[in-house]
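So you can see what is in the structure, the chains are spelled out below.
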There are 2 protein chains.
Amino acid sequence: MRPTVHDIAAAAGVSLATVDRVLNRRPGVRHVTREKVETAIRQLGYIRDVAAANLAKGRTYPLVFILPASDNSFMHGLNGEIRQAILRSAAERTDIRTIEVPAFDPAALVAMLEELSREKPCGVAMVATDAPEVCATVDKLVHAGFPIVTLVSDLTGSLRHHYAGVDNIAAGRTAARLLGRFLRPRKGEIAVLAGSMLVRDHRERLEGFTAVMAEEFPDLAILPVLEGRDDPEIAHMLVADALARNAGIVGVYSLGAGNRGLIRALKEKAVDRTLTVIAHELTTHTRAALIDNTIDAILNQDAGHEVRSAIRVLKAKADGLPVIDAQERIRLDIFLKDNLP
Amino acid sequence: MRPTVHDIAAAAGVSLATVDRVLNRRPGVRHVTREKVETAIRQLGYIRDVAAANLAKGRTYPLVFILPASDNSFMHGLNGEIRQAILRSAAERTDIRTIEVPAFDPAALVAMLEELSREKPCGVAMVATDAPEVCATVDKLVHAGFPIVTLVSDLTGSLRHHYAGVDNIAAGRTAARLLGRFLRPRKGEIAVLAGSMLVRDHRERLEGFTAVMAEEFPDLAILPVLEGRDDPEIAHMLVADALARNAGIVGVYSLGAGNRGLIRALKEKAVDRTLTVIAHELTTHTRAALIDNTIDAILNQDAGHEVRSAIRVLKAKADGLPVIDAQERIRLDIFLKDNLP
DNA sequence: GATTTTTTGATTTACGTACATCAGAATTGG
DNA sequence: CCAATTCTGATGTACGTAAATCAAAAAATC
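Since the structure is predicted, the reported quantities are computational estimates derived from the model, not experimental observations.

### Comments concerning the domain arrangement of chain A
Residue and element names in this part refer to chain A. Entries for chain A in the domain assignment read domain 1 (5-48), domain 2 (58-165 + 303-330) and domain 3 (168-300). Of note, the centres of domain 2 and domain 3, computed from C-alpha atoms alone, are 30 Å apart. When domain 2 packs against domain 3, the two sides together hide about 790 Å² of surface, and 51% of this comes from carbon and sulfur. Remark: the boundary between domain 2 and domain 3 carries three residue pairs in polar contact (both at pLDDT 80 or more).

See below:
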């Protein structure tokens, strides 16, 4: 049988109350006594029963998700996954709230974080906007004891406890290798459609993509990046225009959202050409396009996994428990038409 | 605040004892009274606090993992992951045991299942050997109320509650498309190295592979399957021999274990040739081969995820709780050298 | 040595559920 | 209507921990 607090008390020759004081870091225990108790804990291999403790404490985990107010499929999906998590919150003792802040607006994000720090959530998950002031605020909150995880987009250099998202540089590199290998031995030009170069994840994908393209596929030239602002209409216009004026395009890498517009442009302008296309994020549109061969591969991050992972990590951090790193690693999904879920 | 059994009792106008009898399906409650209680439960949205219930019951989850006694990297890895899970068992109230049975031996597996059914584990996870008698035994146990999940290799047509493994047909199809696209427009022959055609997962991978090859890449011919029995030595011999006598081989698909031998053969015999190689299972050997370009892509199933998923599902089934399907779906990982973990 | 302060012990209640017991009520059969 | 049976209520204990209270002991201060 697992040892309990009673066993510790008996083994250390102290009372239950003293064990409790040691376990919960309450004052009023002499140093030597504390050591006696800690020795007993180690010797018996005592592990606190978190379920019983939470029951006794009546603990709940008030968590906050901060999301950008962007209107694209991915963010909608993310929101949906959070709503699913809220439905499970009764069973998981969580109390989840989402807050929207203007996208790409560091000041608004900082203000929201400051405001949140006054009420005391036991954890914050945020889609980070990459700016020094955000970083500074996050560091401040972490020092003050708030568990914070970044979601989808990281805040490198900050002290956030965890990042629940994919490695975007690796994603870009993978896209490049897939596209390069699929196209070989053809020569030609590659169109890249991004949302905005102001967003860290897009910048990182592009960085990884261009690096591998340059190293390994010199026969393929990357055209200037088209910034579609994650908007289907703009994406459509930009891609249609690029295809119309440049007959040398053999491949397309879409590293942001707004793929609906991309797909429309491909179907209008590229019927007779054999373009190889790689896009990010599995949505109903990209899925259909993958199946009808308009798109050749989709790179995806599973929003559901990201949300569940963020919650698990925040709860663990709040309780001071370890996390299983391998479990919390968000993998880059590569979908061909054959392995769609 | 969440409603408790007390609230239910008050709302239904009955005593705590009666609510308890309803909740735990104990006898001694008239039909009308039972309905009153169930209505109250629904109206208040009562959800049983599983943590408190488990505490009161002193519940633990005795789980059994049945594994084939095969000596390959993948099974070693799987075993390691189970050991990791055993280390966590104190915190998760599990009591996990592994049992080895001779590989590919339906009779032994059936005997073990029969034996297990006498002691009463609250769940069984098994790497299934695909045979009618195994299927029948599993169905019998499921009917008797044992939660059973298959691990890595499924038992289609059986009543097992869940399969914690990848879709192997999809895996084979994906391998074919990757290989086909990487090789295009070359023509030539494809060598396929399998473990044994007696194992369902290998058969399924081959089935998916040949299907897509035939449909989409008619310029690539599949050579007769080499059965390496998941043994590095045999694999080495078979592949070395095939490469030596057939200069038309342009690609290799290794769908089983024993990749150490394959890699050695490739390095010896194919230095001057540009072979495209796709293999299954990420191990130290395949990882190194991917990095040094001996292998072009690795398809993988994450044993850690499979084990953790099996445990979650078994616990949920034992408690009659729902599982999050999307969370428990084991994905096919595709690794290029750029997205290695 | 008396007083104050700090440390410790003993005890109790609580969290939400499970489970057992026993008495009393309602229902059924004769 | 009485007896036998089937329900239901009331109550208590338990699970492992948290947290509070108050008394007692030990240590530190003067």
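### Digging into the relation of the copies chain A and chain B
Mapping chain A onto chain B calls for a rotation angle of 180 degrees and an axial translation of 0.0 Å; the resulting RMSD is 0.1 Å. Here the symmetry operator amounts to a two-fold rotation axis.

### Observations concerning the protein's contact with DNA strand D
Every one of the 28 residues lining DNA strand D counts as a neighbour, but A:Tyr46, B:Thr18, B:Val29, B:Arg30 and B:Thr33 are closest to it. A share of 71% is what sugar and phosphate atoms reach among the atoms of DNA strand D within 4 Å of the protein. The separation between a base oxygen of DNA strand D and a polar side-chain atom of B:Arg21 is 2.9 Å. Going through the elements one at a time, α1 (5-12), α2 (16-23) and α4 (50-57) of chain A together with α2 (16-23) and α4 (50-57) of chain B are the ones with two or more residues in the surface near DNA strand D. With four residues, the single largest contributor to the surface near DNA strand D is α4(A).

### Remarks on the protein's contact with DNA strand C
Taken together, 28 residues are adjacent to DNA strand C, and A:Thr18, A:Val29, A:Arg30, A:Thr33 and B:Tyr46 come closest. For DNA strand C, the backbone makes up 72% of the atoms found within 4 Å of the protein, where backbone means sugar plus phosphate. A distance of 2.6 Å is found between a phosphate oxygen of DNA strand C and a side-chain nitrogen or oxygen belonging to A:Thr18. In this structure, B:Arg26 approaches DNA strand C through a side-chain N or O atom, which is 2.9 Å from a phosphate oxygen. Only α2 and α4 of chain A together with α1 (5-12), α2 and α4 of chain B provide two or more residues apiece to the surface near DNA strand C. By residue number, the principal contributor to the surface near DNA strand C is α4(B), which donates four residues. Broken down by class, the residue content of the surface near DNA strand C amounts to 11 nonpolar, eight polar and nine charged.

### Comments concerning helix α9 (residues 168-183) of chain B
The end-to-end C-alpha distance of α9(B), which contains 16 residues, comes to 22 Å, matching closely the 22 Å that a straight helix rising 1.5 Å per residue would cover. Where α9(B) starts, the residue carrying a side-chain oxygen 3.1 Å from the main-chain nitrogen of B:Ile169 turns out to be B:Asp167.

### Some words on the interface of chain A and chain B
Of the residues lining the interface, 39 residues belong to chain A; the matching set on chain B comes to 39 residues. Each partner contributes to the roughly 3,700 Å² buried at the junction of chain A and chain B, and carbon and sulfur atoms together form 51% of this total. At the junction of chain A and chain B, the tally comes to 10 salt bridges. Among the salt bridges present, the one from A:Asp296 reaches B:Arg181, with a minimum N-O distance of 2.7 Å. For the interface between chain A and chain B, the tally reads 20 residue pairs in polar contact (both at pLDDT 80 or more). If you list the elements that add at least two residues to the side of chain A that touches chain B, you get α4, α6 (89-92), α9 (168-183), α14 (303-319), α15 (325-328) and β12 (333-335) of chain A. Looking at the side of chain A that touches chain B, the element that brings in the most residues is α9(A), giving seven residues. Here the residues of the side of chain A that touches chain B sort into 17 nonpolar, five polar and 17 charged.

What counts as what
Residues numbered from 1 in each chain as written. Chains lettered and ligands numbered in written order. Predicted model: local features only at pLDDT ≥ 70, side-chain atom pairs only at ≥ 80, totals over all residues. Heavy atoms only, no water. Domains from an automatic or database assignment. Buried area = accessible area lost by both parts, 1.4 Å probe. Polar contact = N/O pair within 3.5 Å; in protein donor to acceptor, adjacent residues only side chain to side chain. Least-squares fit on C-alpha atoms with pLDDT ≥ 70 in both. Near = heavy atom within 4 Å. Helix = DSSP H or I, 4+ residues; strand = E, 2+ residues; numbered from the N terminus. Nonpolar A, V, L, I, M, F, W, Y, C, P; charged D, E, K, R; others polar. Expected span 1.5 Å × (residues − 1). Contact = heavy atoms within 4.5 Å. Salt bridge = Lys/Arg side-chain N within 4 Å of Asp/Glu carboxyl O.

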